[in-house]
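Descriptive analysis of the structure
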Amino acid sequence: MKKAILASAIVATTAFNPQLSQAASLETKQAGVATAGVVAGALAGGPVGMLAAFIGTVYVTEQMENNEEAKQLEQDFLTSQQELHTLNRQLQTANTTISEFETITLDQLQLQVMFKTGEDTLNSHNEKALSTLAVFLQDNPELTVRLDGHADPRGTDEYNNVLSQYRANAVKEALLSAGIQPSRIHLNAHGASTTQAIAGDYETYALERRVDIKIINPTDTPSVAQAH
């Protein structure tokens, strides 16, 4: 309303000063068009006509302002929709990345702990891998692990059974030391009963001196991750 009154005063002044009229702002010109109705109303209808024309001037001016506000609100809405669309795409990308990361993590945890001939001692590489496994298990307390000890076919069955047991125990002790509860670790010793090596095939023997680690989710079948 203040803008309309101010515009009326400016129009009344610039009616006698063309230079000022040309310099008037677009907003003032728009309001001045409606203000002309006030003068016409005063001439045609006296005070009543002037009041009616003045109310009309205020209405027109407010509609102009409301139209500008509506345009701005529409633009703001479109901008917010675009930003929301961008955020949704970023979220989808993030979820995909997380899923891929989880898959990679489980793949990395498909562990086989390898041993030298006749030994059941962990090397530094094995210790580091088991430390990573322990962190994963601590972050996922619903999971358990199964340890399957193996030996190559050289030696007696009794010796291989004991050796595979010791190897599985070595892995278990490493996990216990890292804070994993005993109830979450299941152990089996197979000796050389699963061997597929041909006699004298030392490369295959090396692959059978191991402990397989299976990560098990009790709610899933089969295991979440498994080493073979």
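Within any chain, residue numbers begin from 1 and follow the written order of that chain's sequence. Since the coordinates come from a predicted model, pLDDT governs what is reported: local features require at least 70, and pairs of side-chain atoms require 80 or more to be given and counted, while whole-chain, interface and lining totals use all residues. Values shown for side chains rest on all heavy atoms present in the structure; no hydrogens or waters enter the calculation.

**Topic: the pairing of strand E3 (residues 185-189)**
The pairing criterion for strands is at least two bridges between them, as found by DSSP. Under the DSSP-based scheme used, a helix requires at least four consecutive residues in state H or I and a strand at least two consecutive residues in state E, with every element numbered from the N terminus. Sheet topology note: the strand E2 (residues 144-149)/E3 ladder contains five bridges and is parallel. Following the sheet pairing, Leu 147 is matched in E3 by Leu 187. In this fold, E2 hands off to helix H5 (residues 157-177), which returns the chain to E3; that crossover is right-handed. Looking down the strands as they point away from you, a crossover is right-handed if its path from the first strand over the helix to the second goes clockwise.

**Considerations on helix H4 (residues 124-139)**
Residue count minus one, scaled by 1.5 Å, sets the expected span of a helix. Compared with the 22 Å implied by 1.5 Å per residue over 16 residues, the 23 Å span of H4 between its first and last C-alpha is a close match. The buried label goes to any residue with under 20% of its type's maximum accessible area, the exposed label to any with over 50%, and the partly exposed label to all in between, with areas taken from a 1.4 Å probe on protein chains only. For H4, the full list of buried residues reads Asn 126, Leu 130, Leu 133, Ala 134, Phe 136 and Leu 137. The buried residues of H4 occupy an angular sector of 160° when projected down its axis, which confines them to one face. Opposite the packed face of H4, turned more than 90 degrees from it, sit the exposed residues Ser 124, His 125, Lys 128 and Asp 139. The directions from the helix axis to the C-beta atoms are what the arc is built from.

**What about the pairing of E2?**
Burial analysis of E2 places five of its six residues in the buried class, the great majority of the element. Bridge analysis of E2 against strand E4 (residues 210-216) gives six bridges, and the strand direction is antiparallel. Along E4, the bridge assignment pairs Asp 148 with Asp 212.

**Here's the deal with the pattern of salt bridges**
Counted as salt bridges are all cases of a side-chain nitrogen of Lys or Arg within 4 Å of a carboxyl oxygen of Asp or Glu. Using the criterion set out here, one finds four salt bridges in the structure. Put simply, Arg 146 and Asp 148 hold a salt bridge, and the shortest N to O gap is 3.0 Å. Overall, the relative accessible area of 4% leaves Asp 148 in the buried class. Between Asp 152 and Arg 154 there is a salt bridge, with the nearest N and O atoms lying 3.0 Å from each other. Relative accessible area serves as the criterion here: at 5%, Asp 152 is assigned to the buried category. Under the relative-accessibility criterion, Arg 154 is labelled partly exposed at 32%. Because the salt bridges share partners, they merge into one network encompassing Asp 152, Arg 154 and Arg 209.

**A look at the packing of aromatic side chains**
Centre-to-centre distance and the angle between the planes together describe a pair of aromatic rings. For this analysis, a ring pair means two rings from Phe, Tyr or Trp (six-membered ring only for Trp) whose centres lie within 6.5 Å, classed as stacked if their planes differ by under 30 degrees, edge-to-face if by over 60, and tilted for the remaining angles. Taken as a whole and judged by the stated rule, the model has one aromatic pair. Centre to centre, the rings of Tyr 202 and Tyr 205 are 5.4 Å apart; their planes meet at 85°, and the pair counts as edge-to-face. With Tyr 202 and Tyr 205 both in helix H6 (residues 202-208) and three residues apart, this pair spans about one turn of that helix. Since its relative accessible area comes to 56%, Tyr 202 is described here as exposed.

**Remarks on the nonpolar core**
Val 113, Leu 130, Leu 133, Val 171, Leu 175 and Ile 213 are the most contacted members of the largest nonpolar core, which totals 21 residues. Sort the elements by how many residues they give to this core and H4 lands first, with five residues. With residues up to four places along the chain from it excluded, the contact list for Val 113 reads Leu 122, Asn 126, Leu 130, Val 171, Arg 209, Arg 210, Val 211 and Ile 213. Here the nonpolar core consists of buried residues drawn from Ala, Val, Leu, Ile, Met, Phe, Trp, Tyr and Cys, with membership extended through side-chain atoms lying within 4.5 Å. Only heavy atoms enter the contact rule, under which two residues are in contact if any of them lie within 4.5 Å.

**Some details on H5**
Residues that lie three or four places apart on an α-helix share one face, since the helix turns once every 3.6 residues. Helix length check: H5, at 21 residues, gives a terminal C-alpha distance of 30 Å against a target of 30 Å (1.5 Å per residue), a fit within 8%. Inspection of H5 places Asn 160, Leu 163, Ser 164, Arg 167, Ala 168, Ala 170, Val 171 and Leu 175 among the buried residues, and these make up the whole buried set. Mapping the buried residues of H5 onto a view down its axis gives an arc of 140°, with all of them on the same face. In H5, the exposed positions that point more than 90 degrees away from the buried face belong to Glu 158 and Ser 177. Each element contacted by the buried residues of H5 is listed here: strand E1 (112-114), H4, E2, E3 and E4.

**Digging into the confidence of the model for the chain**
pLDDT is a residue-level measure of predictor confidence that goes from 0 to 100. In the predicted model, the chain carries a mean pLDDT of 73, and the fraction of residues at 70 or more is 57%. By mean pLDDT, helix H1 (residues 2-14) is the weakest element of the chain at 42, and H5 is the strongest at 97. With pLDDT under 50 throughout, residues 1-44 is counted as low confidence; its partners more than four residues away or in other chains account for 37 contacts. pLDDT under 50 marks residues 221-228. Its contacts with residues more than four places away, or in other chains, come to 21 contacts.

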